[in-house]
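Listed here are the chains, written in short residue letters.
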Amino acid sequence: MWKSYFKDKVIIVTGASSGIGLASAKLFASLGARVSIASRSLDKLEALASELAANYGAEVLCVQTDVTVEEQCNNLIAKTLERFGHIDILVNNAGLSMRANFIDVNLDVLRRLMDVNFWGTVYCTKAALPHLLETKGTVAGVISIAGYSALPKRTGYSASKYAVRGFLDALRIEHLKDGLTVFAFAPNYVESNVRNAALTADGTPQGSTPLDEKGLMSADECALRFAKSLARRRTRQILTPLGKITCAGRQLIPHIDDRITYNYIMEREDSGSDARKN
Ligand SMILES: NC(=O)c1ccc[n+]([C@@H]2O[C@H](COP(=O)([O-])OP(=O)(O)OC[C@H]3O[C@@H](n4cnc5c(N)ncnc54)[C@H](OP(=O)(O)O)[C@@H]3O)[C@@H](O)[C@H]2O)c1
């Protein structure tokens, strides 16, 4: 039974204050895991920890962490070890998106996305890796369909997610014989705050979403699929049939996929009809 896999596991979740990370932390705690939750918003983490303690008697550690700062990622791993003694699973989930054509964008936006999405994953993984090797544990990265099939108006997002996928794939091969599992999890569109927080050309958040968030896969459903795959020690997963087709199309017929993606996003962005990928 996959649920019993999580009993007493020590799991770190970055970006646990919202969306997929929050739903995953809740699910892990409800299944008996000891969870270390991280993000910049300590108030939200503490509210979540209280809720999980009250509902499940869960042991939850809150560590305020900006994943773009290496020392804070080191601190997250150190505090988790101090409290729980070991680490079984690291979930690199903290993430940020964008909405702007490259010609218009301030390059600080791309630097910021690489800092959060790529370097945040690298810093946390570097600090946790020796400890995950001891437990033959799992490094997971929440990438995106955009980590397989690039999107216009998200040059920095696509590049950062391709980079994380490359990083995870190379890491998996380096440790193929060590018992470490390296899992690249690619959701399609999921209800969350990611589109509100997405940076526009000048670096300010978009502050709204072009999609009907309630019509998307819920963060709880996404977390459930993620957890089942973690328990099965999967190494790759692309969510939804459309997500799989999109990724396959990019590989097999890239010139046609360019045109389909152009039509979906470049010409119809404001309509919200870009719901194929994030
Ligand atoms: N939702 C989707 O449609 C979708 C699809 C595919 C992939 N994804 C990926 O899923 C992951 C989670 O996104 P979400 O959709 O759940 O978005 P979300 O609701 O906006 O949550 C993003 C989380 O990342 C944290 N975060 C952002 N910058 C951070 C930083 N510098 N340091 C630490 N934490 C930071 C945020 O916390 P604070 O603001 O409190 O720091 C928040 O908890 C991301 O990697 C995203 O790219 C999402």
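Conventions adopted
- Residues numbered from 1 in each chain as written.
- Predicted model: local features only at pLDDT ≥ 70, side-chain atom pairs only at ≥ 80, totals over all residues.
- Helix = DSSP H or I, 4+ residues; strand = E, 2+ residues; numbered from the N terminus.
- Buried ≥ 20, exposed ≤ 12 C-beta atoms within 10 Å, placed from the backbone.
- Contact = placed C-beta atoms within 7 Å.
- Core = buried A, V, L, I, M, F, W, Y, C linked by C-beta atoms within 7 Å.
- Expected span 1.5 Å × (residues − 1).
- Near = placed C-beta within 6 Å.
- Nonpolar A, V, L, I, M, F, W, Y, C, P; charged D, E, K, R; others polar.
- Axes fitted to C-alpha atoms, helices over the stretch in contact; angles between N-to-C directions.
- Parallel < 35°, antiparallel > 145°, perpendicular 65-115°, else oblique.
- Left-handed = near helix turned anticlockwise from the far one by under 90°.
- Pairing = 2+ DSSP bridges.
- Right-handed = clockwise from strand over helix to strand, strands pointing away.
- pLDDT = per-residue confidence, 0-100.

1. Brief notes about the overall build of the protein chain
Helix and strand counts for the protein chain stand at 9 helices and 7 strands. Over its C-alpha atoms, taken along the principal directions, the protein chain stretches across nearly 50 × 40 × 35 Å. Scored against the burial criterion, the 278 residues of the protein chain give a buried share of 47%. Once local pairs closer than 6 in sequence are excluded, the contacts in the protein chain between residues at least 24 apart make up 74%.

2. A short note on the nonpolar core
Counting residues in each nonpolar core, the largest one holds 81 residues, and the members touching the most others are Val35, Ile37 and Leu90. Here this core takes 10 residues from helix 4 (residues 107-135), the largest share from any one element. Once you skip the residues sitting within four places of it in the chain, Val35 turns out to touch Ile11, Val13, Ala25, Phe28, Ala29, Ala58 and Val60.

3. Overview of helix 1 (residues 19-30)
With 12 residues, helix 1 extends 17 Å from end C-alpha to end C-alpha; this agrees with the ideal 16 Å at 1.5 Å per step. Buried within helix 1 are the following residues: Gly19, Ile20, Gly21, Leu22, Ala23, Ser24, Ala25, Lys26, Phe28 and Ala29. At the exit of helix 1 stands Gly32, carrying a positive phi of roughly 95°.

4. Thoughts on the site of the ligand
Near the ligand there are 32 residues, and of these Gly15, Gly19, Ser41, Gly95 and Ser192 occur at the shortest range. Sorting the residues of the shell around the ligand by element identifies helix 1 and helix 6 (194-197) as the ones contributing at least two each. Considering every element that reaches the shell around the ligand, the biggest residue donor is helix 1, with 3 residues. In terms of residue class, the shell around the ligand is made up of 12 nonpolar, 17 polar and 3 charged.

5. Some thoughts on the packing of helix 1 against helix 2 (residues 42-56)
Between helix 1 and helix 2, the shortest axis-to-axis distance is 10 Å and the interhelical angle comes to 30°. Between helix 1 and helix 2, the angle falls in the class roughly parallel. The two elements helix 1 and helix 2 cross, and the hand of that crossing is right-handed. The segment helix 1 lies against helix 2, with Leu22, Ala25, Lys26, Ala29 and Ser30 engaging Leu48, Leu52 and Tyr56. The class makeup of the residues in the contact of helix 1 with helix 2 is 6 nonpolar, 1 polar and 1 charged.

6. A closer look at unusual backbone geometry
Backbone geometry places Lys136, a non-glycine residue, at a positive phi of 50°. Inspection of the secondary structure puts Lys136 in the loop between helix 4 and strand 5 (138-142). The class of Lys136 is partly exposed, set by 13 C-beta atoms lying within 10 Å. Of note, the phi angle at Thr240 is positive, near 70°, even though the residue is not glycine. Positionally, Thr240 belongs in the loop between strand 7 (236-238) and helix 8 (241-252).

7. Section: the sheet that holds strand 2 (residues 34-39)
Pairing is parallel in the open sheet, where 7 strands are placed in the order 3-2-1-4-5-6-7. The strands lining the two open edges of the sheet, one partner per strand, are strand 3 (60-64) and strand 7. The mean inter-strand angle of the sheet, taken between neighbouring strand axes irrespective of direction, is 15°. In terms of strand pairing, strand 2 meets strand 3 through 5 bridges, oriented parallel. Among the inter-strand pairings, Ala38 is bridged to a residue of strand 3, identified as Val63. Relative to the sheet, helix 3 (residues 70-84) contacts strand 1 (10-14), strand 2 and strand 3, its axis offset from that of strand 3 by approximately 155°.

8. Side note on the pairing of strand 1
Burial of strand 1 is extensive: 5 of the 5 residues sit out of reach of the surface. The side-chain alternation of strand 1 yields two buried faces, one formed by Val10, Ile12 and Thr14 and the other by Ile11 and Val13. As defined by bridge partners, strand 1 adjoins strand 2 across 5 bridges and the pair is classed as parallel. Directly across from Val13, in strand 2, lies its bridge partner Ile37. Read as a crossover between parallel neighbours, the route from strand 1 over helix 1 to strand 2 is right-handed. The pairing of strand 1 with strand 4 (residues 89-92) spans 3 bridges and is parallel. Note that in strand 4 the partner of Ile11 across the bridge is Ile89.

9. Regarding the confidence of the model for the protein chain
For the protein chain, per-residue confidence averages 95 on the pLDDT scale, and 96% of positions sit at 70 or higher. Within the model, the stretch residues 270-277 combines pLDDT values under 50 with 20 contacts to residues more than four positions away or in other chains.

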